[in-house]
Amino acid sequence: MLPFFVSRYTTDLLYTFELIFAAAICISCIIVALLKKDKAPLLVFLLTTAFHSTVELIAQGMGTRMVETTLLFGVIPVGYPFIPIIMGLFEGGLVGLSGLLFMRCIIYKDKFAFKYFLLIIAILFF
């Protein structure tokens, strides 16, 4: 079986954006947990982050997936194992949190979850 390569062009700003955005969402989950006494968003964010980060760490550790070293904020060089964790925060944590909020909107008609979900989607589209 021959190996195949998939390439996409990104700038160093991609991982900087992912880190800043995921950190802001994590902080907002902590605030919701403290003020609204609702720990579910924070727990879902952390669990899905852990799951996706683990998958990325294994894939990159085994060489199945390769991501080059990049610069955060244009000056801080980061590579393995930090890039998989950043990817897990963004691609895992946000997807899990968005799914939780969306389901709360549909099942419970939760207006706060709807506003929170729309905020995440709006920032992503921006």
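Residues numbered from 1 in each chain as written. Predicted model: local features only at pLDDT ≥ 70, side-chain atom pairs only at ≥ 80, totals over all residues. Heavy atoms only, no water.

### Focus on the packing of aromatic side chains
Under the defined criterion, the tally for this structure stands at 5 aromatic pairs. Seen from their ring centres, Phe 17 and Phe 21 are 5.6 Å apart, and the 15° between their planes marks the pair as stacked. With Phe 17 and Phe 21 both in helix α1 (residues 13-35) and 4 residues apart, the pair spans about one turn of that helix. Classification of Phe 21 by relative accessible area gives buried; the value is 6%. An aromatic cluster is present here, built from Phe 17, Phe 21 and Phe 90 joined pairwise through their rings. Positioned above the aromatic ring of Phe 112 is the side chain of Lys 36, whose terminal nitrogen or guanidinium carbon lies 4.5 Å from the ring centre. (Phe/Tyr/Trp six-rings, centres within 6.5 Å; stacked < 30°, edge-to-face > 60°. Helix = DSSP H or I, 4+ residues; strand = E, 2+ residues; numbered from the N terminus. Buried < 20%, exposed > 50% of the residue type's maximum accessible area, 1.4 Å probe, protein only. Lys NZ or Arg CZ within 6 Å of the ring centre and 35° of its normal.)

### Things to note about the side chain of Thr 49
With respect to the helices, strands and loops of the structure, Thr 49 is situated in helix α2 (residues 40-61). The class for Thr 49 is buried, based on a relative accessible area of 9%. Polar contacts involving the side chain of Thr 49 include one to the main-chain carbonyl oxygen of Phe 45, which spans 2.7 Å. Thr 49 has contacts with Gly 88, Leu 89, Gly 92 and Gly 93, leaving out every residue within four places of it along the chain. (Polar contact = N/O pair within 3.5 Å; in protein donor to acceptor, adjacent residues only side chain to side chain. Contact = heavy atoms within 4.5 Å.)

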